[in-house]
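Fold and contact review
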Amino acid sequence: CSSDLSVSTTAGFSVVTYTGTGANATVGHGLGVAPSMIITKKRSSTSDWGVYHTSLGNTNYVLLDTTAASAASSTYWNNTTPTSTVFSIGTADPVNINTATYVAYCFAPIAGFSAFGSYTGNGSTDGPFIYTGFRPRWVMVKRTDSTGNWTILDTARDTYNVESAQLYPNLANAEA
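Below is a short write-up of the structure. Being a predicted model, the structure only gives us computed values, none of them experimental.

1. Side note on unusual backbone geometry
Its identity is not glycine, yet Asn 79 carries a phi of approximately 50°, on the positive side. The class of Asn 79 is partly exposed, set by a relative accessible area of 39%. Positive phi is not limited to glycine here, since Thr 99 has a value of about 70°. Considering the arrangement of structural elements, one finds Thr 99 in the loop between strand E8 (86-89) and strand E9 (101-107). The class of Thr 99 is exposed, set by a relative accessible area of 59%.

Encoded structure:
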C-alpha cells in the first residue's frame, strides 16, 4: 500500500495513513527499525482498533476497544513480523479492506524513553517488578491470556507510587 507518513525517529513514533487494497500488503512506517507496537484504525467507517505487539508475535492480535484476549489470525499481520521499513497487513477489517482509509500508529523502543514488553502476573497485591531502565511517565497494560480491560497509569494523575488513578481506553468511563 502507498502510505503518507509523519515520523519522529528520535521519539520512535510514526503516524501512517494508507488506503486498503483488500489483499495482503505491506505498509511503510518510516522508523528505520522494526516497530514493537502498531495500532491501526479504519477511518472511513466503523471498525475495531487492531493492535500488533511484538510480545504476541505476528500471528496474534488484540483489539484496543475491547476486553477480548489475544487471538490468532493471519488476516491481521499476514503472519509476518514488521521490518525496519514496513509492516505487513492481511485482509481483516481493522487493517485492510479495499478502498477503506486507515491510520496506523507505530512505536519503536528508544532506550531511556520508551519500552515494550510483556510480563506474567503473580497474583500478589504488589505484582511483579518490571524493569524498564527508566521511570516511565505513562504505562499501558492489557491482559492477553483472558479477557480484561486495557489500563493506563501515568505520573500526571499520581505523582508518586502507588499509582492508582486509572484510565481505560476500551471504556467510556471517567478516570477511576
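2. What to know about the sheet that holds strand E6 (residues 60-63)
Pairing is antiparallel in the open sheet, where seven strands are placed in the order E1-E2-E9-E4-E5-E6-E7. Since the sheet does not close on itself, it has two edges, and those belong to strand E1 (3-8) and strand E7 (71-72), each with one partner.

3. What about the pairing of strand E11 (residues 150-154)?
On a regular strand, one side chain projects to one face of the sheet and the next to the other, so that they alternate. The buried fraction of E11 amounts to four of the five residues, a majority that puts the element mostly inside the structure. Examined bridge by bridge, strand E10 (residues 138-142) and E11 share five bridges and lie antiparallel to one another. When the sheet's bridge partners are listed, Trp 138 is paired in E11 with Asp 154.

4. Some thoughts on the pattern of salt bridges
Scanning all chains against the criterion turns up four salt bridges. Among the ionic pairs, Asp 145 bridges to Arg 143, the shortest N-O distance being 2.6 Å. What makes Arg 143 partly exposed here is its relative accessible area of 48%. Note that Arg 157 is salt-bridged to Glu 175, the shortest N-O span being 3.5 Å. With a gap of 18 residues between them, Arg 157 in the segment after E11 and Glu 175 in the segment after E11 connect regions that are remote in the sequence. Classification of Arg 157 by relative accessible area gives partly exposed; the value is 33%. What makes Glu 175 partly exposed here is its relative accessible area of 47%. One connected set of salt bridges, linked through shared partners, spans Asp 154, Arg 157 and Glu 175.

Each value, and the rule that gives it
- All chains use their own residue numbering, which begins from 1 and follows the written sequence.
- In keeping with the model being predicted, local features are shown solely for residues with a pLDDT of at least 70 and side-chain atom pairs are shown and tallied solely at 80 or more, while totals for entire chains, interfaces and linings include all residues.
- In computing side-chain values, all of the structure's heavy atoms are included and hydrogens and water are not.
- Burial classification: accessible surface area is computed with a 1.4 Å probe over protein chains only, and a residue below 20% of its type maximum counts as buried, one above 50% as exposed, and the rest as partly exposed.
- Counting from the N terminus, the helices are the DSSP runs of H or I reaching at least four residues and the strands are the DSSP runs of E reaching at least two.
- Pairs of strands are assigned from DSSP output, requiring at least two bridges between the strands.
- One speaks of a salt bridge when a side-chain nitrogen belonging to Lys or Arg is within 4 Å of a carboxyl oxygen belonging to Asp or Glu.

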